[in-house]
Each structure stands twice: as structure tokens, then as C-alpha cells.
Amino acid sequence: MNRTTLSLIAGATALAAVTGFAAVTSPDTSAPDTTATAAELPVERTSLTCPTPSVSDLAETTYTSFTPVTKGTGSDGKAELRPAVTESTDGEDAKDGKTGKASGKGDKDGKGEKEAKAFLTAKEPGKPLAEDVSGSDSPALVGTADGKFAPGWTVQQTTEVAAGTGRGLLGAACTAPDTDFWFPGASTAADRTDYVHLVNPDDSAAVVDIELYGRDGALETTTGEGITVAPHSDDPVLLSTLTTEKLDNVTVHVSVRSGRVGASVQALDDKLGGDWLGASVDPAGSLVIPGIPKDATAVRLIAFAPGDADADLKVRLASPTGQITPAGNETLHLKAGMTGAVDLGDVMRGEPGSLVLTPTGRSVPVVAAVRVVRGKGAGQETAFIPATRPVGTRATVVDNRAKGTTLSLTAPFGAAEVKVTASAGSEGGTPATKSFTLKAGTTQQVEAPVPSGLKGTYALTVESVSGGEVHGARTITDAQDGVSAFTVQTLPDDRGTVAVPKADQDLSVLQQ
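Residues numbered from 1 in each chain as written. Predicted model: local features only at pLDDT ≥ 70, side-chain atom pairs only at ≥ 80, totals over all residues. Heavy atoms only, no water.

Caption draft 1: A look at the packing of aromatic side chains. Under the definition given, this model contains four aromatic pairs. With centroids separated by 5.3 Å and ring planes inclined at 75°, the aromatic side chains of Y63 and F119 adopt a geometry described as edge-to-face. With Y63 in strand β3 (residues 59-66) and F119 in the loop between β6 (113-114) and β7 (120-121), this pair connects stretches of sequence that are 56 residues apart. The class of Y63 is buried, set by a relative accessible area of 0%. For F119, a relative accessible area of 25% gives the class partly exposed. (Phe/Tyr/Trp six-rings, centres within 6.5 Å; stacked < 30°, edge-to-face > 60°. Helix = DSSP H or I, 4+ residues; strand = E, 2+ residues; numbered from the N terminus. Buried < 20%, exposed > 50% of the residue type's maximum accessible area, 1.4 Å probe, protein only.)

And the structure:
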């Protein structure tokens, strides 16, 4: 092959590997195109991991799967969620009898195990599908989607826990396996029980390092290096067992030496309920934390600068009328390698908002999240919102309900127009669409469309139409015996398409 042909194929392959696989076909030679622009093609395969939802016998968990309808896909495909554990061919689960975890053991040729039966199989794009489980027996799930189900495939697990540590509403968007994760906002304090869940979807073991950073820098850990996560398993690691230090604000860094995992932190508080803490967007100079509920009674910002340089950030609250500066917290100084936190108190004052962090001078990469508290006294509940990617071309959030669903959108750096589509309901209903214009520097709690004749739950898909970048978050509220139960999920771009460079020659004719 000549070098040009090799470069084109290598570039297309690398880009397709970001989120899935995109087909590379020969261009139409009847209308030659010599431009260097890239074509956006739907991904053809994607995967997700869902951690074990709860150890409480009182837990009630709903899994909701949804794929937006995407142009350019074929007519075939499927999307399935399966228990992470494998099953032995004699009908017994292939688990370690002492730990209950998947052992990853079997015959040398792998014939001693088979894939677990599908827990959930999607029916059609454009319509969500939900499945319920009860108690503490629900395992971690892994799933793949291909063909018409792959672009933008989204799965949400929502768990209600009636009582005990971490009681309330816990929600998490199932995540794609990766090799690097940052979680500012975790804790090793006595009143917190925080686990980092490591889900290995593959047939070979993964080796993982967990690093913890507090207000004075890296914490000395006893067993955080070289953790082996067996194939097809969820390994929940209790953070307080990794260090003797008891700290309220800790940044967790999960890095994978070999293999890949899905990672998320379950943060359970003795008094303030609990929720899942998703990973922050990759370290960046400017960050947006969208969708802080208007009735938040306490907001804590936690941030971390992973590099060798200190970071100085402007802290701004994008409100419905524009960006304002929280009194007394105009800036945040982060020492390199140390976790910083600031309590913003009742900063919302009855209005929805988003935090916008920008450098005061030289840009230094940082990660960040907020802990949000709603309610008062014994009725308080907690949720976490990490800094997130923009909505981009399209983003989706599922398990929305007829009551208790709030959608917040912010245009931090420039005015923007978006289109919001409510899918059909999981048990019936007709899709609906609305468009919204967002003023620069504002956060709007929009009146999102709801499917007409809704039965069950539905998905909300946000698409950028024009203007600057948009960030979004969805809040679900559900009052439980006086507890202000809620959970918040962000809306990052679903990466349902991949850019494949157009070739200036017919790739089907390769020179030797």
C-alpha cells in the first residue's frame, strides 16, 4: 500500500475506536470529492457497564434502556444487558464461594463457562424499555448494543432505598468502560460509606490503581495499587479501607494498568442519604457543572488540580438572568495535587443555576463536582453533580416520570438554540418536541415536553441547533416519608456518531 492509503485507513480506524465502530465504505466515484472534511457516521457498536445497585434488602431498582432514532443506520441490531457474572455449563454460577465475586475461572479453553442470560433486551429504537428488580440480589450488569441500537444507547439505573444508610433516591447513568476516571467529592469520613465500583466487562482480568487525594495531597494507601478485577465481575472497594485518614473531601483517581473497567462511586451518608458520584469530565482549564436545583439548601464545590501547577479559578453562578459571583467566593485557589472544597451554602436562593469555573490567568487542567443537599433536618437528602461535557450534537437522559422530572439547560459562553424531544413512553404515549433559545451566561429550568398519553417513563433527547455550547442536567424528585429524595444526572454528548475522513481516492483499489 502507498502511504496515503495507509494514513487514511489508520485515521478512520483511530477515530472509530473512540466510541464504537463505524463502517468505512468506498466513495462514489461518479461524483468525486477531494475535500478533506470528515463525514459523521453512526457508530456500529457500543458497550456499557452498570454497577451493583445496592446491598440493602429494601432497595427497589429500575433499569431503563433507550436508543434515539438515528439516520444512516441499518435495519438490524440489538441491545442487551446481562449480569456481569458468567454461568458455568453445569448450571452453577462461576463464582468464588468465599467472596461471591465472579472467579473468572473455567476450563483452559473457556468451555467451562457461558454468558449469563440476558436481563433486558431492547425492542426498538425510539421507545424506552424498563425492568424492575428488588432487594440486594441484583448483580452488576454489562451490555452491548450494535447496529441501529448502538448510536446514543443510554441506560439508567434508579434505586429507591426506604431506610438505613444511604436511604433515598440513587440514580446513575451506566458508563462505558475506560481506563481513567476522576471523582472529586468522595469521602473517607466516619459518617460516610463510599465504595468505588469497578466493573470488568471483558474475558480477561483488569489491573487497577486507586489513588486518593485530600486537602494536603496524596493519601498513603495500603492496598490501592495493583487491584485485580476478575473477568465479568463488579469489585466494590470501600475507600475507608484504603487509608487510615478520615476526610470529608477526597478526590479519587482510578487508572487502569491493563484491560478496562467501568467505574463509579457510591456515596452513602448516615444522615444525609446517598447517591452515585459520576466521573468528572477529563481535566480541563474551564469546567461547567450544570443543573443545581433551585431548592438546594446547601451546595459544596470540590475541585482538584492533578498536574504540577496550582490553579486559580473564577467561580460564577449562571442564573436565569445571567452570571453572578457568589458572595465571598469569587475565586478558588487549588494547590497542585491537593483537593480544595468550598461551602457555598444556600447560594441558589430559589433559582436554578449552574457553576462555571474559568481560569483567572494561565489555564491549568482541573476536575470538579458539587455535592447538593435538599430538605431540612431528618428529611435531608444528597446528590452529586460532576463537571460534564457539553450536550454537543445530541444527549439523552432516561427514566423521566410524569411528575418530578426537571430539565435544566445552560449556555455558559454564548447564546444557543436547542431542540428537546420526549420519546414515546415505555408503556405508551406519543413523542413530542419543543425548541428553546438560551441567553448567554444563563441557566433555564425549561418546561420540557411530555409525551401525549404517557404511560410509564420516557426519554428526553437534547439536540444542539445553533449558537454556543450547551450543558444540561436532569433532576428526579420523589418525596419519601418526609425525605426530599432526589437524584441528578448530567447530559453529555452521546458520541453516537464518529467522524470518518473522506478519501480523495477509491479505497477499494489499494496499491501494493
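Caption draft 2: Fine view of the pattern of salt bridges. Taken as a whole and judged by the stated rule, the model has 10 salt bridges. With its nearest N and O atoms 3.9 Å apart, the salt bridge here joins R45 to D146. Note that R45 is positioned in strand β2 (residues 45-50) and D146 in strand β9 (residues 141-147), a separation of 101 residues in sequence. Taking the relative accessible area as the measure of exposure, R45 reaches 38% and is therefore partly exposed. The exposure class of D146 is partly exposed, given its relative accessible area of 22%. The closest approach of N and O atoms between R401 and D399, which form a salt bridge, is 3.1 Å. Note on D399: relative accessible area 2%, which makes it buried. (Salt bridge = Lys/Arg side-chain N within 4 Å of Asp/Glu carboxyl O.)

Caption draft 3: Region of interest: the nonpolar core. Counting residues in hydrophobic clusters, the biggest one holds 31 residues, and the most contacted among them are I289, I292, V299, L301, L334, L355 and V370. Residues in contact with L355, not counting those within four places in the same chain, are L287, V288, I289, I292, L301, V315, R316, L317, L344 and V370. Of all hydrophobic cores here, the second largest spans 27 residues; its members include V208, V229, V237 and L247. (Core = buried A, V, L, I, M, F, W, Y, C linked by side-chain atoms within 4.5 Å. Contact = heavy atoms within 4.5 Å.)

Caption draft 4: Quick look at the pairing of strand β37 (residues 458-467). Sheet topology places strand β30 (residues 394-400) next to β37; five bridges connect them, and they run antiparallel. Each residue of the ladder has a partner; that of T396, found in β37, is T461. Where strand β32 (residues 416-422) lies against β37, seven bridges are found, and the strand directions are antiparallel. What sits directly across from T421, in β37, is T461. (Pairing = 2+ DSSP bridges.)

Caption draft 5: Local environment of the sheet that holds strand β10 (residues 154-161). Strands sit in the order β8-β3-β10-β11 across an open sheet of four strands; the sheet is antiparallel. Taken across any chain shown, the strands that pair with only one partner, and hence form the sheet edges, are β8 (129-134) and β11 (168-173). The average angle at which neighbouring strand axes cross in this sheet is 15°, direction not considered. Looking at chain direction, β3 and β10 are connected through eight bridges and run antiparallel. Bridging from a neighbouring strand, S65 pairs with V155 of β10. (Axes fitted to C-alpha atoms, helices over the stretch in contact; angles between N-to-C directions.)

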